[in-house]
Structure formats: C-alpha cells, structure tokens
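What follows is each chain in one-letter form.
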Amino acid sequence: MYRYLYIIVTFLAVQIASAQRYEVGLFLGGSNPISDVGSTFYVLPNAPAVGGLFKWNFHERMSARIQITQTQLKGDDAQSDIPAKRNRQFSFKSSLTEFALGAEFNFFRYKIKNLLDKPMTPYVYAGFVTFWHDDLYFDPAIAPPVEATDTTKRSLDFAVPVAFGVKAKLGQRLILAGEVGFRYTLTNNLEGSVPKEKPFSFGVKGSNDWYTFSGITLTYTFGEEPCYCRK
C-alpha cells in the first residue's frame, strides 16, 4: 500500500513541477529611509542594495515571490530641506537584512515564452517582510554633529511592502524589470529616535518609519511551460 501511495505522490509532484515556470535572479539598486532623521524625499537612494529572488509563475497574471535583500540604511539631517533638522545635525547608519514573501500581479497577460505577445507589462507587488537592523540610540551629551550609537545588538521587526514596476522580456529565458518598493515598518525606531532602554527620544511619536528599495531585477526562467503559455 505504501509503495502505491509513494508512486501516486511522486507522480503528482512531477506533474505539478513540470506544469510551472520559475525564475531566479538578482536585485541591484539602492535604498533610503523615510524617518525622523535625514531627507524628507520618499525616493532618494543614498546607499547600495543587493539581493536575490525566486519567483513561481503559477498564472500569466500572478507570481509568488521570495526575496532576500541586504543594504545599509543611511540618513543625515544635512540632506533635509527642513531648517530645524539641518541645525540639529543628526545622522545614522544601520545595516539591514530583509526577507520578503509576497505576490506580483501583472497588469497584462504575460506569456513568458511568446516574445511578441505583450513583451512588457507593469506590475504591482505586495506581501510581508521581516527584517533585521542595528539597534541604535542617540546620546544628547555629544556635541553636534551627532551620529547614532550602535548598541551592537540586532533588532527584528516587520514591515508591509508595496512595489510598483515594469518588466520586459530580453529573450525566452531572461526578464529585466525596474521597480520602486516602499516598506511601511511596524517600528518607530529604525534610526534610533525611540530606543527601548534609553531616556532620550525625539521625533514624531505616533508615526512609524519607512524605507524604500529602488532598482532593477534580472531573472532567468526555467522549468516547463505551464499550459496557459501553450495557447
């Protein structure tokens, strides 16, 4: 009985795997924070970001996506257009590693193998993010300019990602995309403005921090074409 069950499960797994199309590739771009320290521009990359991603195209309009991205978030009051922040002279650097799980929705039906049928399409991405970043705080006893102090600890937090992009076929195997992604975090201490065990805090207390990734992805497709691509 177990032998037959094993044969059935193996057969189903092979059928599912052969009926899908996958992508694996790289993300290259930049990052910037949207927080109480630094520039007030929403998209102004000031540090490099690099990552790897994997996609499962289970429908011509939908893809499941996993991505890991590494960057160093950097903010400096000297880049702000607010005079009070420029006079304050705070800055910070925080190493950030992000793990994102979500889905892409293509605006057009996107058949990967057919180069002439919708060679490009806009898309939107949303999902769930968990990320690790440096635990920072500011010491008001230090004369300005003041850079955030690293406690050498790492904090685990969560965020809600939304990204907008355009993807294009470079051939039957390569896909190039450009996107801008926003992360709404569930913390107000991305830059050290509201540390947990320190008395000094500042900034807008009721507003959580954001950060963005802007860049391109280059992915390689593999696996058998799903049935919707043979129509």
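Residues numbered from 1 in each chain as written. Predicted model: local features only at pLDDT ≥ 70, side-chain atom pairs only at ≥ 80, totals over all residues. Heavy atoms only, no water.

1. What about the overall build of the protein chain?
Item 1. In terms of regular secondary structure, the protein chain is built from two helices and nine strands.
Item 2. Order of helices (α) and strands (β) in the protein chain, N terminus to C terminus: α-β-β-β-α-β-β-β-β-β-β.
Item 3. In the protein chain, buried positions account for 42% of the 231 residues.
Item 4. For the protein chain, the accessible area works out to roughly 12200 Å², and carbon and sulfur atoms hold 67% of it. (Helix = DSSP H or I, 4+ residues; strand = E, 2+ residues; numbered from the N terminus. Buried < 20%, exposed > 50% of the residue type's maximum accessible area, 1.4 Å probe, protein only. Areas by Shrake-Rupley, 256 points an atom, 1.4 Å probe, with all protein chains shown as cover.)

2. A closer look at the packing of aromatic side chains
Item 1. Within the structure shown, the criterion is met by 13 aromatic pairs.
Item 2. Ring centres of Trp 56 and Phe 58 lie 5.3 Å apart, and the angle between their planes is 55 degrees; on these two criteria the pair is classed as tilted.
Item 3. Classification of Trp 56 by relative accessible area gives partly exposed; the value is 34%.
Item 4. Aromatic pair Phe 200 and Phe 202: ring centres 5.8 Å apart, planes at 35 degrees, arrangement tilted. (Phe/Tyr/Trp six-rings, centres within 6.5 Å; stacked < 30°, edge-to-face > 60°.)

3. Looking at the side chain of Thr 130
Item 1. Mapped onto the secondary structure, Thr 130 falls in strand S5 (residues 120-137).
Item 2. Note on Thr 130: relative accessible area 12%, which makes it buried.
Item 3. Within the structure, the side chain of Thr 130 is placed 3.4 Å from the backbone oxygen of Asp 157, a separation counted as a polar contact. (Polar contact = N/O pair within 3.5 Å; in protein donor to acceptor, adjacent residues only side chain to side chain.)

4. As for the pattern of salt bridges
Item 1. In total, this model carries eight salt bridges according to the counting rule given.
Item 2. A salt bridge links Glu 179 to Arg 65; the nearest nitrogen and oxygen atoms lie 3.0 Å apart. Pair noted here: Glu 179 is in strand S8 (residues 174-185) and Arg 65 is in strand S3 (residues 62-76), with a separation of 114 residues, a long-range link. By the burial criterion, Glu 179 is buried, and Arg 65 matches it.
Item 3. Among the salt bridges present, the one from Arg 183 reaches Glu 98, with a minimum N-O distance of 2.9 Å. Of this pair, Arg 183 sits in strand S8 while Glu 98 sits in strand S4 (residues 90-106), placing them 85 residues apart in sequence. Take Arg 183 and Glu 98: they sit in the same class, and that class is buried.
Item 4. Each of Lys 55, Arg 65, Glu 104, Lys 167 and Glu 179 takes part in salt bridges that share partners, so that together they form one network. (Salt bridge = Lys/Arg side-chain N within 4 Å of Asp/Glu carboxyl O.)

5. Examining the pairing of strand S1 (residues 21-34)
Consecutive side chains along a regular strand alternate between the two faces of the sheet.
Item 1. When you tally the buried positions in S1, you get ten out of 14 residues, the bulk of the element.
Item 2. Note that S1 and strand S2 (residues 47-57) share eleven bridges and pair antiparallel. When the bridges of S2 are listed, Gly 30 appears paired with Pro 48.
Item 3. Bridge count for S1 against strand S9 (residues 210-222) is 13 bridges, and the pairing is antiparallel. Paired with Pro 33 across the two strands is Tyr 211, which belongs to S9. (Pairing = 2+ DSSP bridges.)

6. Section: the confidence of the model for the protein chain
Item 1. Of all residues in the protein chain, 86% attain a pLDDT of 70 or more, and the chain-wide mean is 88.
Item 2. Across residues 11-19, where pLDDT falls below 50, the model places six contacts with residues more than four positions away in sequence or in other chains.
Item 3. pLDDT under 50 marks residues 226-231. Its contacts with residues more than four places away, or in other chains, come to 13 contacts. (pLDDT = per-residue confidence, 0-100. Contact = heavy atoms within 4.5 Å.)

7. Here's the deal with the environment of Ser 214
Item 1. Looking at the element boundaries, Ser 214 is found in strand S9.
Item 2. Separated by 35 residues in the primary sequence, Ser 214 and Glu 179 place their C-alpha atoms 5.9 Å from one another.
Item 3. Setting aside chain neighbours within four positions, we find Ser 214 in contact with Phe 27, Gly 29, Gly 30, Val 43, Pro 45, Glu 179 and Val 180.

8. A word on the nonpolar core
Item 1. Counting 22 residues, the largest nonpolar core has Phe 92, Leu 96, Phe 131, Phe 138 and Tyr 211 as its most contacted members.
Item 2. Of all the elements in the fold, those that place two or more residues in this core are S2, S4, S5, strand S7 (149-169) and S9. (Core = buried A, V, L, I, M, F, W, Y, C linked by side-chain atoms within 4.5 Å.)

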